[in-house]
2 protein chains.
Amino acid sequence: MAGTLTFDGRTYPDGRASDPKALGWMQGSPPPADRRIEFGKQALLGFPQIRWTLCHTREFLPTVNVWRGDGGPSTFAREDLAGDIEALAFDDLQGRRMQWQDALADTYTDGIVVLHRGRIVYERYIGELQAHVPHSCFSVTKSYACTLAAMLVHEGVVDERRPIAHWLPEMRGTAWEDATLRQVMDMQVGAAYSEAYADSAADVWAYSRAGGTMARPPGYDGPGNFYEYLATIRKDGAHGEAISYKTVNTEVLCWVMKRATGLSLARMLSERLWAPLGCEQDAYFTVDPIGVPMGGGGMSAALRDLARFGEAMRCDGAFNGKQVVPAAVVADIARGSDPAKFAKAGYALLPGYSYRSMWWVAHDEHGTFEARGIHGQRIYVAPGAEMVIARFGSHPVAANSGNDPITLAQFRALAGLLRGR
Amino acid sequence: MAGTLTFDGRTYPDGRASDPKALGWMQGSPPPADRRIEFGKQALLGFPQIRWTLCHTREFLPTVNVWRGDGGPSTFAREDLAGDIEALAFDDLQGRRMQWQDALADTYTDGIVVLHRGRIVYERYIGELQAHVPHSCFSVTKSYACTLAAMLVHEGVVDERRPIAHWLPEMRGTAWEDATLRQVMDMQVGAAYSEAYADSAADVWAYSRAGGTMARPPGYDGPGNFYEYLATIRKDGAHGEAISYKTVNTEVLCWVMKRATGLSLARMLSERLWAPLGCEQDAYFTVDPIGVPMGGGGMSAALRDLARFGEAMRCDGAFNGKQVVPAAVVADIARGSDPAKFAKAGYALLPGYSYRSMWWVAHDEHGTFEARGIHGQRIYVAPGAEMVIARFGSHPVAANSGNDPITLAQFRALAGLLRGR
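The name given to chain A in an unreviewed UniProt entry is Serine hydrolase, with Ramlibacter algicola as the source organism.

Draft legend 1. Geometry of the packing of aromatic side chains. Counted by the stated rule, this structure contains 48 aromatic pairs over all chains. On the basis of an interplanar angle of 80 degrees and a centroid distance of 6.1 Å, the ring pair of B:Trp52 and B:Phe60 is categorised as edge-to-face. As far as the burial class goes, B:Trp52 and B:Phe60 line up, both buried. Among the aromatic side chains, those forming a connected cluster through ring pairs are A:Tyr245, A:Phe342, A:Tyr347, A:Tyr353, A:Tyr355 and A:Trp360. The ring of A:Trp360 is capped by A:Arg372, whose NZ or CZ atom sits 5.3 Å from the centre of that ring.

Draft legend 2. Structural view of the UniProt feature "domain: Beta-lactamase-related" (unreviewed entry) in chain A. Within this numbering scheme, the UniProt entry marks residues 111–392 of chain A as carrying the feature "domain: Beta-lactamase-related" (unreviewed entry). With 30% helix and 17% strand, the stretch residues 111–392 of chain A has end C-alpha atoms that lie 5 Å from each other.

Draft legend 3. Expanded view of helix α9 (residues 248–261) of chain B. Residue and element names in this part refer to chain B. Counted at 1.5 Å a residue, the expected span for α9 with its 14 residues is 20 Å, and the 20 Å between its end C-alpha atoms agrees. Burial runs high along α9: 11 of the 14 residues are buried. Along α9, the residues classified as buried are Val248, Asn249, Thr250, Glu251, Val252, Leu253, Cys254, Trp255, Val256, Met257 and Lys258. Of the surrounding elements, those touching the buried residues of α9 are α5 (140–154), α6 (181–185), α7 (203–211), α8 (226–230) and α10 (265–274). Positioned one or two residues after α9, Gly262 has a phi angle of 80 degrees, which is positive.

Draft legend 4. Broad picture of the side chain of B:Asp14. All names here are of chain B. Among the structural elements, Asp14 can be located in the loop between β2 (10–13) and α1 (20–23). At 5.4 Å, Arg16 is the nearest oppositely charged side chain to Asp14, a buried residue that forms no salt bridge. Engagement of the side chain of Asp14 in a polar contact is seen with the backbone nitrogen of Ala17, the distance being 2.8 Å. Apart from residues lying up to four places away in sequence, Asp14 is in contact with Gly3, Thr4, Leu5 and Tyr108.

Draft legend 5. Structural detail: the relation of the copies chain B and chain A. Mapping chain B onto chain A leaves a residual RMSD of 0.0 Å; the transformation is a rotation of 180 degrees accompanied by 0.0 Å of translation along its axis. Accordingly, the operation relating the two chain copies is best matched by a two-fold axis. Using C-alpha coordinates, one finds that chain B approaches the rotation axis most closely at B:Pro62, a distance of 2.5 Å. Both copies present the same face, since 100% of the interface residues in chain B are matched by interface residues at the equivalent positions in chain A.

Draft legend 6. Geometry of the pairing of strand β7 (residues 119–125) of chain B. All names here are of chain B. The pairing of strand β6 (residues 109–116) with β7 spans six bridges and is antiparallel. Bridge assignment links His116 to a residue of β7, and that residue is Arg119. Taking the residues that link successive antiparallel strands as the turn, the β6-β7 hairpin has two residues, and the phi of Arg117 there is positive, at about 50 degrees.

Draft legend 7. Region of the structure containing the pattern of salt bridges. Residues and elements named next belong to chain B. Following the criterion strictly, the structure yields 65 salt bridges over all chains and no others. A salt bridge links Arg314 to Glu311; the shortest N-O distance between them is 2.8 Å. In this pair, Arg314 and Glu311 both sit in helix α11 (residues 303–314), three residues apart, roughly one turn of the helix. Judged on exposure class, the residue Arg314 and its partner Glu311 are both buried. Close ionic contact of Arg335 with Asp332 constitutes a salt bridge, the shortest N to O distance being 3.7 Å. Placement of both Arg335 and Asp332 in helix α12 (residues 327–335) is noted, with a separation of three residues, approximately one turn of the helix.

Draft legend 8. Summary view of the packing of helix α5 (residues 140–154) of chain A against helix α11 (residues 303–314) of chain A. Residues and elements named next belong to chain A. Viewed as axis vectors pointing N to C, α5 and α11 meet at an angle of 50 degrees, and their least axial separation amounts to 12 Å. The angle between the axes of α5 and α11 places the two elements in the oblique class. The two elements α5 and α11 meet at a crossing, and its hand is left-handed. Here Val140, Ser143, Tyr144 and Thr147 of α5 lie close against α11, whose contacting residues are Asp305, Leu306, Phe309 and Met313. The residue inventory of the contact of α5 with α11, partitioned by class, reads five nonpolar, two polar and one charged.

Draft legend 9. Seen up close, the domain arrangement of chain A. All names here are of chain A. According to the domain assignment, chain A consists of domain 1 (12–35 + 42–64) and domain 2 (105–418). One C-alpha centre belongs to domain 1, the other to domain 2, and the line joining them spans 24 Å. Across the contact, 23 residues belong to domain 1 and 29 residues belong to domain 2. Both sides of the domain 1 and domain 2 interface together cover about 2100 Å² of buried area, and 63% of this is carbon and sulfur. A per-residue breakdown of the area domain 1 buries against domain 2 is headed by Leu54, Cys55 and Val64, which together make up 30% of the total. In this structure, the connection of domain 1 to domain 2 is made through two salt bridges. For Asp110, the salt bridge identified is with Arg51, shortest N-O distance 3.1 Å. Taken together, the connections running from domain 1 to domain 2 amount to 12 residue pairs in polar contact (both at pLDDT 80 or more). Looking at which element gives the most residues to the side of domain 1 that touches domain 2, the answer is helix α2 (residues 50–53), with three residues. The residue makeup of the side of domain 1 that touches domain 2, split by class, is 12 nonpolar, five polar and six charged.

What counts and what doesn't
- Residues numbered from 1 in each chain as written.
- Chains lettered and ligands numbered in written order.
- Predicted model: local features only at pLDDT ≥ 70, side-chain atom pairs only at ≥ 80, totals over all residues.
- Heavy atoms only, no water.
- Phe/Tyr/Trp six-rings, centres within 6.5 Å; stacked < 30°, edge-to-face > 60°.
- Buried < 20%, exposed > 50% of the residue type's maximum accessible area, 1.4 Å probe, protein only.
- Lys NZ or Arg CZ within 6 Å of the ring centre and 35° of its normal.
- UniProt positions renumbered as here; feature names shortened; annotations may be inferred.
- Helix = DSSP H or I, 4+ residues; strand = E, 2+ residues; numbered from the N terminus.
- Expected span 1.5 Å × (residues − 1).
- Contact = heavy atoms within 4.5 Å.
- Lys, Arg positive; Asp, Glu negative; His and termini not counted.
- Salt bridge = Lys/Arg side-chain N within 4 Å of Asp/Glu carboxyl O.
- Polar contact = N/O pair within 3.5 Å; in protein donor to acceptor, adjacent residues only side chain to side chain.
- Least-squares fit on C-alpha atoms with pLDDT ≥ 70 in both.
- Pairing = 2+ DSSP bridges.
- Axes fitted to C-alpha atoms, helices over the stretch in contact; angles between N-to-C directions.
- Parallel < 35°, antiparallel > 145°, perpendicular 65-115°, else oblique.
- Left-handed = near helix turned anticlockwise from the far one by under 90°.
- Nonpolar A, V, L, I, M, F, W, Y, C, P; charged D, E, K, R; others polar.
- Domains from an automatic or database assignment.
- Buried area = accessible area lost by both parts, 1.4 Å probe.

What follows is the structure, given as structure tokens:
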């Protein structure tokens, strides 16, 4: 049907038909009832309102600032390759011939920046997103948080071989008591926790209610914050044997960093990445009821600032005239971990990948590694093609299976176009 | 008693004894129970936690950004007059001899910037505040909002002689149906609404619950947002006869501006003041459940950015090489309105004042006019002394009677020191 797309048997308006500006969300004073989005009344991540809400998270939830610092922003050189890029056609993973702009629309893209050799060669904002507006990053947040953790490990501030209970005695009796910091960083923890977003009974929603990012029912008497929630998770299976992707690991990781350094995630990110990278906009985190930033997925940031981080990761940690991330930390991430442990997780669309320090490592001919977030968030670093892509989306399907069939093929095709150009 | 101060018969730890850093609010992971502040569990404006919360409003409430724009910040020249200023002694309005630094402490000052001829001659941050951190402005927000309104009047976008129902048919049957826009701008509306902050049954708290800035009790079924609340306020007395300070007037004013321009207050402020002034930090507003910025008192901003606005107002609207506010708008504000109507409001500490476009006009020898917010917020513009003061505080008493006996005398003494220097 024209103007619709079908995923997992459900049909949705496509990217163009669900354009949030055309639909008029939250326009008017007051917005009409059928175009109004209120926390606790509508699901912020429901479709099609998600196409608006992901640019407005702070207007619904308490947040903490990630300050960009006092300096001027770092600048990008530009070379306009829009003509070549928009002429690109490719076969997606399901064998459909796709045109570039249809691929953007069919993955519900809100914005995309492509860097080649550090120059912006392509940049588009679609729908509600503008260049200066922070957009929800979801699990791209994890790659930021764990890069910080890897820096602390590199500096000897924390020893990745120690069990979590070393820093957090509160974790005794939980899944993390005897998990090492490295196992947490690589998501190799056996924990009784489900993250199937399509299942409304999944533990991820209990975690969201504890943290306050999802409305609590009347009379709610569950965990009051992230830390209280983490204390309820029991061990399930062995650690260190397989990738088992659970956002709560990132929350534990951030708790360790806070305990070890005394600094909040927001402040560490400001001092160690946002200011040194010369980011152009402040970012922010949603916070739980006791002010803890949601390290597992709560960051919102501007798209070019994601591109800055991706470019630093492409360039062995150097950007804006500084070594922002130690080269050894970047090399360790880019090298990945054991694909056999990753294979056990059963990601059919990511054959041969591994997962290291909360980055997804493709082990492909471009040395690609990615920060990936639900609904289409990406930092895609392809050193062999001297290419970085930062992309925001508001796809109706939380699983990456929604956009990966197009996105992975699209980004690989672009790497092929730019490589050696 | 050493280390305490008494207001209205209640005794409080003084400024130094209530230093929020020394008290350790929200430190630790998690913060200990007696140093933890949670929305709905502790009053954000209770003392002494207010000394911390006013620098962290967004960590408790949903907010919308006021973007500073893409340009670099405007710069201030500096001349350090700290020695002369801190040597200043003066008699406060109660006849007590005060030293400058004691006056800062005894008014629970969080930060102060003094400009003389546009140069920063004094700048201090105390307790939780830092130069780049936005602090609650409370009713200083009103002066920003109404300066925008006066600009729209000047441009002919809205006619100040029209009744509010011209723009807002929803206001038929309320206090504002037949009030003119100018009467709203000058707070000369007869409305059944009480703003006595010390009275827990005052209407201002119902307004806060409607807007979501104060926690709602279980089963709350009152107005769901600011607009719904405004529709409940009935007329009480005549319009145009006396100053009657009611925050809801500013909310009505902002609703008119939104209806007339289609732009939110946050966006208008960004485009018309924050970007042209070259502000150095984004500001923000708390928003109600349908995303409406609280124009009556919901802004948080960095202190030097308040100083920029004050300096523009001192300089007939010109700043950063631009005419940011039309000179005629500034002149109309500085000229004030009828002191006889102001006198009826019974502000014992403000004899001879008037109120114009939500600025407080002293009619003194320096041509002083002020933006004033509870708990000690100020932009103090004294053109005759070529002086602007921006000051943030977290005074335990919401009424300005708490700090005015010191602050007014202190700022006048400083104007005397700097005038003609």
